[in-house]
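Geometric and topological summary
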Amino acid sequence: MRSALAAPVLAALALGAPPARADGPLARPAGGDPLARPAGGGSLASAAGRLPPVAFPGRPLVGALALRRDPDPWFGDDKVRHFCASIALAGGGYALGALATDDTHERIALGAAVALGAGLAKEAFDAAGHGTPSFRDLAWDALGTSAGLALSVWFDLAVTPISF
């Protein structure tokens, strides 16, 4: 249940994130070294006049100012689309399940199957050479599915009359 509650928070973070760029290196600030001290105060950089190389897990050793942007960022524009589409598909699948059964668990299963099935089909289509497949897209599909199902169950319980 906690994962379903965390999804809206992650969506809010994703919607507030600046647009990601995957087109190359970070721009160097105008005026040279951003870590340089004022005139006469020396430099924070090494004696060679540049920062020592920095290692990141899973990435090659690069200079600190030559870092490249991630080609598949966690908070890219396409991740918001995956999240929102999964919310809509999970809700629609849950609603279709409501037409067929009164069991909440079966409704949830149908909603999850519709949303995650569509996400897997889209990534399989990308893997077939029509796009760029991404496990991060699948992660956002799963978060959107859990959020959509949580909202659907909440709405369902809110409109169901209580009988004693």
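See the structure printed just above.
Residues numbered from 1 in each chain as written. Predicted model: local features only at pLDDT ≥ 70, side-chain atom pairs only at ≥ 80, totals over all residues. Heavy atoms only, no water.

Quick notes on the pattern of salt bridges
One pass over the structure, following the stated rule, counts seven salt bridges. Between D137 and K79 there is a salt bridge; the shortest N-O distance is 2.9 Å. Within this pair, whereas D137 is found in helix 4 (residues 135–159), its partner K79 is found in helix 2 (residues 77–100), the two being separated by 58 residues in sequence. Owing to a relative accessible area of 1%, K79 belongs among the buried residues under this scheme. Among the salt bridges present, the one from K122 reaches D126, with a minimum N-O distance of 2.5 Å. Taken as a pair, K122 and D126 lie in helix 3 (residues 104–130) at a separation of four residues, close to a single helical turn. Since its relative accessible area comes to 4%, D126 is described here as buried. Connected through shared salt-bridge partners, D72, D78, K79 and D137 make up one network. (Salt bridge = Lys/Arg side-chain N within 4 Å of Asp/Glu carboxyl O. Helix = DSSP H or I, 4+ residues; strand = E, 2+ residues; numbered from the N terminus. Buried < 20%, exposed > 50% of the residue type's maximum accessible area, 1.4 Å probe, protein only.)

Observations concerning the side chain of D156
With respect to the helices and strands, the residue D156 is situated in helix 4. Among the residues examined, D156 registers a relative accessible area of 19% and is labelled buried. Setting aside residues up to four positions removed in sequence, D156 forms contacts with Y94 and R107. (Contact = heavy atoms within 4.5 Å.)

Concerning helix 2
Spanning 24 residues, helix 2 covers 35 Å between terminal C-alpha atoms, matching the ideal 34 Å at 1.5 Å per step. When helix 2 is considered as a whole, its buried residues turn out to be K79, H82, F83, S86, A90, G91, G93, Y94 and G97. (Expected span 1.5 Å × (residues − 1).)

These values are about where atoms sit, not about what they do.
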